[in-house]
Amino acid sequence: MNLRIVALLAGFVVALPVPALSAPTAGAPADAPAARLVKLRSEERGPRPPSAASAAARREAIAADFLEQKEIGRAIEVLKEAAQIQPQSGRIFARLALAYLDTGDFEFARATVDAASGRADLEPGPGELWSEVAALFAAGNHLQDAIAAWELLERSGDAGPWVSSRIEWAKRELAVTPGQRLLQGDRFAIYSDSGVSETLVTAIEEHLEREYERQQKFFGAGELPGPQTVVLYGGRRFFSLVSVPDWVSGVFDGKIRISVESSSRFEKEVASVLSHELAHAWIRFLSRDHAPGWLHEGLAQWCEGRRIPRKDFAAAFSRLPVYSLAEIEGNLGRRSDRAIARANYVESLGLVEYLAFTHGEGALVCLVRSLSDAPIEEALKREVAMTPTELVARWKVWAGV
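Just so you know, these numbers come straight off a predicted model, no measurement behind them.

Cut-offs applied
- Sequence order as written defines residue numbering, which begins from 1 separately in each chain.
- Only residues with pLDDT of 70 or above have their local features reported here, since the model is predicted, and side-chain atom pairs are shown and tallied only from 80 upward, although totals for entire chains, interfaces and linings are computed over all residues.
- Derived side-chain values reflect all non-hydrogen atoms in the structure, with water molecules and hydrogen atoms excluded from consideration.
- For the purposes of this analysis, a disulfide is any pair of cysteine sulfur atoms at a distance within 2.5 Å.
- Each residue gets one of three labels from its accessible area relative to the maximum for its type: buried under 20%, exposed over 50%, partly exposed in between, using a 1.4 Å probe on protein chains only.
- The pairing criterion is simple: DSSP has to find at least two bridges between the two strands.
- Numbering of helices and strands runs from the N terminus, with a helix taken as a DSSP run of H or I at least four residues long and a strand as a DSSP run of E at least two residues long.
- Interaxial angle, 0 to 180 degrees, is taken between N-to-C directions of lines fitted to C-alpha atoms, where a helix line uses only the stretch in contact.
- Stacked, tilted and edge-to-face are the three classes assigned to paired rings of Phe, Tyr and Trp, where Trp is represented by its six-membered ring and a pair needs centres within 6.5 Å; plane angles under 30 degrees give stacked, over 60 edge-to-face, the rest tilted.
- In this scheme, the term charge over a ring applies when either NZ of a lysine or CZ of an arginine sits within 6 Å of the ring centre and within 35 degrees of the ring normal.
- Within 3.5 Å is the distance limit for a polar contact, defined as a pair of N or O atoms, with the added protein rule that one can donate a hydrogen and the other accept it, and that residues adjacent in sequence qualify only through two side-chain atoms.
- By definition in these notes, contact holds between two residues if any of their heavy atoms fall within 4.5 Å.
- A carboxyl oxygen of Asp or Glu within 4 Å of a side-chain nitrogen of Lys or Arg is what we treat as a salt bridge.
- A helix's residues, less one, multiplied by 1.5 Å, set its expected span.

**Q** Help me understand the state of the cysteines in this model?
**A** Between two cysteines, a covalent bond joining their sulfur atoms is known as a disulfide. A full pass over the atoms with the stated rule returns zero disulfides. In this structure C303 is not part of a disulfide, and its nearest cysteine sulfur, from C366, lies 14 Å away. With relative accessibility at 3%, the residue C303 sits in the buried group. You can call C366 partly exposed: its relative accessible area is 36%.

Structure below.
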């Protein structure tokens, strides 16, 4: 992202260049946002201008329509005008911050949050707007910015007790990740501890780019929304903070987080973890975050290249229990017992292998996509003509367990 000078006038950002609004073309609908803005500005120059509250409210509505039409630059210009008219409106500041975040402009979004925070007379506005601003900052690993937005949420009076806990969590995460570097690309924003070598970070970026294209082809998808945040930890400080067992080297919680050694060597194990966690991002996106744990973990293992020969399942499950899909879902939330976790991961991969063998890899992708608008029971019936119980039973016969 190119750095730009941010000028503040009356506590508000004014420096972002945006396209100027011209008069509506001949035949343009009178209710088009550009036409309404021209009309509003004309009224403001007339003998009976609207009140400040009315002018700001009308600009908010016009900006909403620009956003609906994906004309984000125009929406930003109009929201900036609204904020200058009503600089005490936290609602307008929040909508402007969201518009900047929609373009990936964290720098100007944070300047907007700072401008709002600095006003003693601020009417913070709807808490859900600041909650959304904070969530987008946090998803992009801009934790200090997320804290500032959560604090505005607290000022709004709409905050529950969870907000204080999120602020404390973000502060703890900042404390265990000092001096992180950022390698920013179109597809990945890679944050790395200062102890992780640049050679290793470069190798990780190259692997992720290759894997992105491979998995994109596998899932038959377009692009993931925005750059994916990847956090590389030189050690297990963060993993200890969130009580991740020491046998887990990667997690996906909306960000790809992995623990690496500080050496410059790119090991096969690191490549597998990266591929696994990236698959979670695709599954979450394509299923609209409705995929159950067994499908997440089974398909992520499949995407990293892990396979269990069919003849080996009988021996593996002579020592491991077989669970229902509902039991796997519950168990995956409790990773402290390594033996139970191993049983669930093996069974999840086995179920995916069985579906790929009997219905083809395409059925796996169709199943994930079906979950975007259907529960797992309906999606299974639609794509592979089985209930959850039938899937486990038929897999057991196929695997000989």
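Back to the write-up after that little detour.
**Q** Explain the sheet that holds strand 3 (residues 181-184) here, please?
**A** The pairing of strands in a sheet happens through backbone hydrogen bonds and is either parallel or antiparallel. Here five strands make up an open sheet; going across it, the order is 3-4-5-7-6 and the pairing mixed. Of all strands in the sheet, those bounded by a partner on one side alone are strand 3 and strand 6 (250-252). Adjacent strand axes in the sheet meet at a mean angle of 15° when their direction is disregarded. In the sheet, strand 4 (residues 188-192) pairs with strand 5 (residues 228-234) via five bridges, with the strands oriented parallel. Within the sheet, the bridge partner assigned to S192 lies in strand 5 and is L232.

**Q** Sorry, what's going on with the packing of aromatic side chains here?
**A** Describing an aromatic ring pair means giving the distance of the ring centres and the angle of the ring planes. Per the counting criterion, the structure on display carries 12 aromatic pairs. Ring centres of Y100 and F108 lie 5.5 Å apart, and the angle between their planes is 40°; this geometry places the pair in the tilted category. For the pair formed by Y100 and F108, the shared burial category is buried. Between the aromatic rings of F357 and W398, the centroid separation amounts to 5.6 Å while the plane-to-plane angle is 50°, which identifies the pairing as tilted. Here W398 lies in helix 18 (residues 388-399) and F357 lies in helix 15 (residues 338-359), a separation of 41 residues in the sequence. Assessed through its relative accessible area of 56%, F357 is described here as exposed. Under the relative-accessibility criterion, W398 is labelled buried at 11%. Through pairs of rings, three or more aromatic residues link up here, namely F313, F317, Y354, F357, W395 and W398. For the cation-ring pair, R310 lies above F357, with the distance from its terminal atom to the ring centre recorded as 5.3 Å.

**Q** Explanation requested: the side chain of H280 in the structure shown.
**A** Counting through the fold element by element, H280 comes out in helix 11 (residues 268-286). Within polar-contact distance, the side chain of H280 engages the side chain of H276 at 3.1 Å. Once you skip the residues sitting within four places of it in the chain, H280 turns out to touch F252, H296, E297 and A300.

**Q** Explanation requested: unusual backbone geometry in the structure shown.
**A** Keep in mind that most residues, glycine aside, have a negative phi and that most peptide bonds are trans. In this structure, K70 takes a positive phi of about 65° despite not being glycine. Tracing the backbone shows K70 in the loop between helix 2 (52-68) and helix 3 (72-85). In this model, D289 sits at a positive phi of 65°, which is unusual for a non-glycine residue. Turning to its location among the elements, D289 is positioned in the loop between helix 11 and helix 12 (293-304). Assessed through its relative accessible area of 44%, D289 is described here as partly exposed.

**Q** I tried to follow the pattern of salt bridges on my own but got confused; where do I start?
**A** Applying the stated criterion to the full structure yields 23 salt bridges. A salt bridge links R59 to E44; its shortest N-O distance comes to 2.6 Å. Note that R59 is positioned in helix 2 and E44 in helix 1 (residues 33-44), a separation of 15 residues in sequence. Of the residues examined, E44 reaches a relative accessible area of 28% and is grouped as partly exposed. We note a salt bridge from R257 to D253, for which the minimum N-O separation is 2.9 Å. Since its relative accessible area comes to 1%, R257 is described here as buried. Judged by its relative accessible area of 41%, D253 is partly exposed. Because the salt bridges share partners, they merge into one network encompassing R41, E44, R59, E77 and E81.

**Q** Even after reading the chapter, I still don't get helix 5 (residues 106-117), so can you show me in this structure?
**A** One full turn of an α-helix is made of 3.6 residues, so residues set three or four places apart face in the same direction. End to end, helix 5 covers 16 Å across 12 residues, agreeing with the expected 16 Å (1.5 Å per residue, within 8%). Where helix 5 is concerned, the buried positions are F106, F108, A109, A111, T112, V113, A115 and A116. With a side-chain oxygen lying 3.4 Å from the backbone nitrogen of E107, the N-terminal cap of helix 5 falls on D105.

**Q** Help me understand the pairing of strand 3 in this model?
**A** One face of the sheet, then the other: side chains in a regular strand alternate in exactly this way. Strand direction decides the pairing type here: strand 3 and strand 4, joined by four bridges, are antiparallel. Pairing of R181 across the sheet is with S192, part of strand 4. Here strand 3 folds back onto strand 4, and the loop between the two strands holds three residues.

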